[in-house]
There are 2 protein chains.
Amino acid sequence: MKKIVTISRSFSSGGREVGKRLAQELGYAYYDKQLLKKISQETGFSSEYIEKYGESSASYLSYPITIAQTLISTYQMPNESIQIAQTNIVREIGQKGNCVIIGRRGDRILKDEKSILKVFIYSSDMDQRIQRCYKKSPEDKDKSPQVMKKKIIAVDKDRAKYYRYYSDQNWGVMDNYNLCIDTSKIDIKQAVKLIILAMQD
Amino acid sequence: MKKIVTISRSFSSGGREVGKRLAQELGYAYYDKQLLKKISQETGFSSEYIEKYGESSASYLSYPITIAQTLISTYQMPNESIQIAQTNIVREIGQKGNCVIIGRRGDRILKDEKSILKVFIYSSDMDQRIQRCYKKSPEDKDKSPQVMKKKIIAVDKDRAKYYRYYSDQNWGVMDNYNLCIDTSKIDIKQAVKLIILAMQD
């Protein structure tokens, strides 16, 4: 039985929900916002700041180069501290086992663990993704399909950049995962069942 | 219940075996060599010729350009006839349903079918692929790991070229499939169980 499940996901594919239900079904620890809290305690940065920058290419692009160069020569950049804390915490969590980890390079940090199953959740149906994004977006924002689509593409692109920068691997390329599920064809409940079956040796 | 399963696969990943066992378990028609025979009957080319060129970029690169240009202006190139026959036959098979189709652009030709599940089988462990390739290669050939690895990379590259040429899509990119299974982590028996579970609505 594989005891660690990492869930990587394209934006608005239902990946987080798959992870949450999976953890509930298995009675496993679920690391998503909880992970942010741990990183926050470790680094002193707020959870909101870590959520914004901890899984985004903005984590290394958020300073003008000249300022960054000055900063880097005197002390570690704040986002580097977040990445280091994230790596250490994910490793600790992995050692404990019986956990579901959403994003945050969990699949790369724990890639050498034997009892890991690396899952990628995506949806090949853009309309479905737009609808999901629409439901989750605040009412006071522009929620036109064009805006939703733009957001989806931008978030995916940003995750890919971040992943590439810190992992030297391509995000969303199946060779980096063990099981990839398209939620446009296989619904969330079914996806959870599939992962549980795949965890069995 | 999804009634058509297409299995695309990277070379030496066990994809064909997954498909064969799946068809047996479900009592579905299995189209692999049988598909070659049908195309052979339709076009008059031998099964061996179709096997060699029907799923390879050599199907459109096997003539020097000048000869090809002359040929194409006077009559259809033989490999184009094979592709057309393949498309028609796969469509017919899809209409009948209850079938497992290995490769041959089945996923693209039948992409608009509602009852389809498009599976991609791969292995993220090159050593395992080399071992599988070794076992299947003839004894009188050079079976060194270097040669096996070269062959694996070459066949995958060729399939990708072929797929791109005839489908205008990228082969092995998860968005083109509904379920992608890594046989280095999920063995063949387990992969069959996963597909059967994923077929259920």
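All values derive from a computational prediction rather than experimental measurement.

Draft legend 1. Region of the structure containing the interface of chain B and chain A. Contact with chain B, which involves 27 residues of that partner, is made by 27 residues of chain A. Buried area between chain B and chain A, summed over both chains or domains, comes out near 2200 Å², and the portion from carbon and sulfur atoms is 60%. Contact with chain A buries area across many residues of chain B, yet Met 174, Asn 178 and Lys 185 of chain B alone supply 31% of it, more than any other trio. In this assembly, chain B and chain A are joined by 0 salt bridges. The interface formed by chain B and chain A contains 15 residue pairs in polar contact (both at pLDDT 80 or more). Sorting the residues of the side of chain B that touches chain A by element identifies strand E4 (116-122), strand E5 (179-182) and helix H10 (188-199) of chain B as the ones contributing at least two each. Take the side of chain B that touches chain A: its biggest share by element is 5 residues, from H10 of chain B.

Draft legend 2. Structural detail: the relation of the copies chain B and chain A. By a simple turn and slide, chain B fits onto chain A: the slide is 0.0 Å along the axis, the RMSD is 0.0 Å, and the turn is 180 degrees. Viewed as a symmetry operation, the transformation between the two copies matches a two-fold axis. Taking the C-alpha atom as reference, chain B places Cys 180 of chain B closest to the rotation axis, 2.5 Å from it. Of the interface residues in chain B, 100% have counterparts in chain A that sit at the interface too, so the contact is made through matching surfaces.

Draft legend 3. Focus on the packing of helix H1 (residues 15-26) of chain B against H10 of chain B. Residues and elements named next belong to chain B. Interaxial distance between H1 and H10 falls to 9 Å at its minimum, and their mutual angle equals 55 degrees. Of the possible angle classes, the one that applies to H1 and H10 is oblique. Every pair of crossing elements has a handedness; the one defined by H1 and H10 is right-handed. The residues of H10 that touch H1, namely those facing Glu 17, Val 18, Arg 21, Leu 22, Glu 25 and Leu 26, are Ile 188, Lys 189, Ala 191, Val 192, Ile 195, Ile 196 and Met 199. A class-by-class count of the residues in the contact of H1 with H10 yields 9 nonpolar, no polar and 4 charged.

Draft legend 4. Spotlight on the pairing of strand E5 (residues 179-182) of chain A. Residues Leu 179 and Ile 181 of chain A of E5 of chain A are buried on one face, and the alternating residues Cys 180 and Asp 182 of chain A, pointing to the opposite face, are buried as well. Summarising the sheet, strand E4 (residues 116-122) of chain A and E5 of chain A pair through 4 bridges and their orientation is parallel. Note that in E5 of chain A the partner of Ile 121 of chain A across the bridge is Ile 181 of chain A. The sheet contact formed by E5 of chain A and E5 of chain B spans 3 bridges and is antiparallel. Residue pairing across strands places Leu 179 of chain A opposite Ile 181 of chain B, the latter belonging to E5 of chain B.

Draft legend 5. Representation of unusual backbone geometry in the model. At Arg 105 of chain A, a position not held by glycine, the phi torsion is positive, near 60 degrees. Here Arg 105 of chain A lies in the loop between strand E3 (99-102) and helix H7 (106-109). Classification of Arg 105 of chain A as buried rests on a relative accessible area of 8%. The phi angle at Asn 98 of chain B is positive, at roughly 45 degrees, despite the residue not being glycine. Within the secondary structure, Asn 98 of chain B is located in the loop between helix H6 (78-96) and strand E3 (99-102). Take Asn 98 of chain B: its relative accessible area is 36%, and that puts it in the partly exposed class.

Draft legend 6. Seen up close, the sheet that holds E4 of chain B. Reading across from one edge, E2(A)-E3(A)-E1(A)-E4(A)-E5(A)-E5(B)-E4(B)-E1(B)-E3(B)-E2(B) is the order of the 10 strands in this open sheet, with mixed pairing throughout. Taken across any chain shown, the strands that pair with only one partner, and hence form the sheet edges, are strand E2 (29-31) of chain A together with strand E2 (29-31) of chain B. Across the sheet, the mean angle from the axis of one strand to that of its neighbour is 20 degrees, orientation sign disregarded. Set on the sheet, helix H10 (residues 188-199) of chain A makes contact with strand E1 (4-9), E4 and E5 of chain A together with E5 of chain B; between it and E5 of chain A the angle comes to about 165 degrees. Across the sheet, H10 of chain B is in contact with E5 of chain A together with strand E1 (4-9), E4 and E5 of chain B; its angle to E5 of chain B comes to roughly 165 degrees.

Draft legend 7. Here's a closer look at the environment of Val 5 of chain B. Residue and element names in this part refer to chain B. Within the secondary structure, Val 5 is located in strand E1. Given a relative accessible area of 0%, Val 5 falls into the buried group. Spatially, the C-alpha atoms of Val 5 and Gly 106 are 8.9 Å apart, while their sequence positions differ by 101 residues. Excluding anything up to four places from it in sequence, Val 5 contacts Leu 22, Cys 99, Val 100, Ile 101, Leu 117, Val 119, Ile 195 and Met 199.

Draft legend 8. Region of interest: the state of the cysteines. In this structure the tally under the stated criterion is 0 disulfides over all chains. Of all cysteine sulfurs in the structure, the one in Cys 180 of chain A sits closest to Cys 180 of chain B, which takes part in no disulfide; the separation is 4.7 Å. Taking relative accessible area as the criterion, Cys 180 of chain B reaches 0% and is therefore assigned buried.

Draft legend 9. Representation of the environment of Glu 139 of chain A. All names here are of chain A. Structurally, Glu 139 is set in the loop between helix H8 (126-136) and helix H9 (145-167). Using a relative accessible area of 67% as the deciding quantity, one classes Glu 139 as exposed. In terms of polar contacts, Glu 139 uses its side chain to reach the side chain of Lys 143, at 3.1 Å.

Draft legend 10. View of the packing of aromatic side chains. Residues and elements named next belong to chain A. By the definition in use, this model includes 10 aromatic pairs over all chains. A ring pair is formed by Tyr 162 and Tyr 166, whose centres lie 5.3 Å apart and whose planes are at 55 degrees; its orientation type is tilted. With Tyr 162 and Tyr 166 both in helix H9, this residue pair falls 4 residues apart, about one helical turn. Grouping residues by exposure puts Tyr 162 and Tyr 166 together as buried. With 4.8 Å between their ring centres and 80 degrees between their planes, Tyr 165 and Tyr 166 make a pair best called edge-to-face. Note that Lys 143 overlies the ring of Tyr 134, its terminal NZ or CZ placed 4.3 Å from the centroid.

Cut-off values and rules
- Residues numbered from 1 in each chain as written.
- Chains lettered and ligands numbered in written order.
- Predicted model: local features only at pLDDT ≥ 70, side-chain atom pairs only at ≥ 80, totals over all residues.
- Heavy atoms only, no water.
- Contact = heavy atoms within 4.5 Å.
- Buried area = accessible area lost by both parts, 1.4 Å probe.
- Salt bridge = Lys/Arg side-chain N within 4 Å of Asp/Glu carboxyl O.
- Polar contact = N/O pair within 3.5 Å; in protein donor to acceptor, adjacent residues only side chain to side chain.
- Helix = DSSP H or I, 4+ residues; strand = E, 2+ residues; numbered from the N terminus.
- Least-squares fit on C-alpha atoms with pLDDT ≥ 70 in both.
- Axes fitted to C-alpha atoms, helices over the stretch in contact; angles between N-to-C directions.
- Parallel < 35°, antiparallel > 145°, perpendicular 65-115°, else oblique.
- Left-handed = near helix turned anticlockwise from the far one by under 90°.
- Nonpolar A, V, L, I, M, F, W, Y, C, P; charged D, E, K, R; others polar.
- Buried < 20%, exposed > 50% of the residue type's maximum accessible area, 1.4 Å probe, protein only.
- Pairing = 2+ DSSP bridges.
- Disulfide = S-S within 2.5 Å.
- Phe/Tyr/Trp six-rings, centres within 6.5 Å; stacked < 30°, edge-to-face > 60°.
- Lys NZ or Arg CZ within 6 Å of the ring centre and 35° of its normal.

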